[in-house]
Amino acid sequence: MDRRVLAVIENGYRGALEKQFFDELYLATELHRQLGGLDILLRGSAVSYALDAGPVPALRIGTWTVDTLTDPRKGLRTLLGVGVRVLVEEPDIAALHSPHPLVEGVALVRAGETAERWSDYRMVFFL
């Protein structure tokens, strides 16, 4: 059986309008299917994706309201639902001091724990 691959996501917010139709979590769903199994490690500002917070608010630009923005939490739940393992580095999530819990199914790992296991993966890449 082929080993899973690991995708590391470090940058949480990449721009609302530029990525509203296709983001890294949408891509991850297809990579999971095509590569035969995917784990995702959230680090840096991307750990905010794992917080079980409210919906993404609409963006107002002058008289325009953009309410079609991607919701990383929804994308994360979709990934968990198709069997993607989602890991979050503890120091980065702790640095947020957020009162929100993690999305159900997300695993907390210590700093460097996943890097110690990189050789267990068939491939490691950054999204």
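Bear in mind that the values here come from a model prediction, so they are computed numbers and not experimental data.

**Q** Describe the sheet that holds strand β2 (residues 38-42), listing the residues and the values that go with them.
**A** Taken together, five strands build an open sheet; the order of strands is β6-β5-β2-β1-β7 and the sheet is parallel. Either end of the sheet is taken by a strand with one partner, and the two such strands are β6 (107-109) and β7 (123-126). Pairs of neighbouring strands in the sheet enclose a mean axial angle of 25°, with direction left out of account. Of the strand pairs in this sheet, strand β5 (residues 85-89) and β6 are connected by three bridges, and their pairing is parallel. Looking at β6, one finds that Leu-87 is bridged to Ala-107. Against the sheet, helix α1 (residues 24-35) makes contact with β1 (5-9), β2 and β7, and its axis sits at roughly 150° relative to β2, the strand it touches most.

**Q** Outline the environment of Leu-31, supporting the account with residue identities and numerical values.
**A** Along the chain, Leu-31 falls in helix α1. Its relative accessible area of 18% is what places Leu-31 among the buried residues. For the pair formed by Leu-31 and Glu-89, sequence separation is 58 residues and the distance between their alpha carbons is 22 Å. When neighbours within four sequence positions are excluded, Leu-31 is seen to be in contact with Gly-36, Leu-38, Phe-125 and Leu-127.

Rules behind the numbers
Residues numbered from 1 in each chain as written. Predicted model: local features only at pLDDT ≥ 70, side-chain atom pairs only at ≥ 80, totals over all residues. Heavy atoms only, no water. Pairing = 2+ DSSP bridges. Helix = DSSP H or I, 4+ residues; strand = E, 2+ residues; numbered from the N terminus. Axes fitted to C-alpha atoms, helices over the stretch in contact; angles between N-to-C directions. Contact = heavy atoms within 4.5 Å. Buried < 20%, exposed > 50% of the residue type's maximum accessible area, 1.4 Å probe, protein only.

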